[in-house]
Amino acid sequence: MHFVHRIRTIWSWLPSFRAVGETGHLPTAARELGVVPSSLSRTVKQLEDELGVALFDRATKALVLNDAGRTLLVAVREAMR
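Note that this is a predicted model, so its numbers are computed, not measured. (Residues numbered from 1 in each chain as written. Predicted model: local features only at pLDDT ≥ 70, side-chain atom pairs only at ≥ 80, totals over all residues. Heavy atoms only, no water.)

S.K.: Run through the overall build of the protein, naming residues and quoting values.
M.R.: When helices and strands are tallied, the protein shows four helices and two strands. Since a compact globule built from 81 residues should have a radius of gyration of about 12 Å, the 12 Å found for the protein is in line with a globular shape. Once the C-alpha set of the protein is aligned to its principal axes, its extents read approximately 40 × 25 × 25 Å. Relative to its full complement of 81 residues, the protein shows a buried share of 32%. Put simply, of all contacts in the protein between residues at least 6 apart along the chain, 48% involve residues at least 24 apart. Accessible surface, the protein: about 5,300 Å² in total, of which carbon and sulfur atoms supply 57%. Side chains of the protein give 11 positive and 8 negative charges; the mean places of these two sets differ by 4 Å. (Helix = DSSP H or I, 4+ residues; strand = E, 2+ residues; numbered from the N terminus. Rg over C-alpha atoms; globule rule 2.2 N^0.38 Å. Buried < 20%, exposed > 50% of the residue type's maximum accessible area, 1.4 Å probe, protein only. Contact = heavy atoms within 4.5 Å. Areas by Shrake-Rupley, 256 points an atom, 1.4 Å probe, with all protein chains shown as cover. Lys, Arg positive; Asp, Glu negative; His and termini not counted. Charge placed at Lys NZ, Arg CZ, Asp CG, Glu CD.)

Here it is, written out as structure tokens:
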């Protein structure tokens, strides 16, 4: 049952991950989703912590997808079709 709970939790974070991954900018993604940037940042961090892998390289004013992030973004897009 723990596995199902974990999947449900991760699944709920994927739209936020996708928005940040596609924009590369927390404030822009937050506006698109109608949330505050700090909440979105926390969600991305929780997803990374749960998966045990960084998905973004943090630059000064942007989040840039790394290889793991690009791979996950492709899978998320497929799953959300």
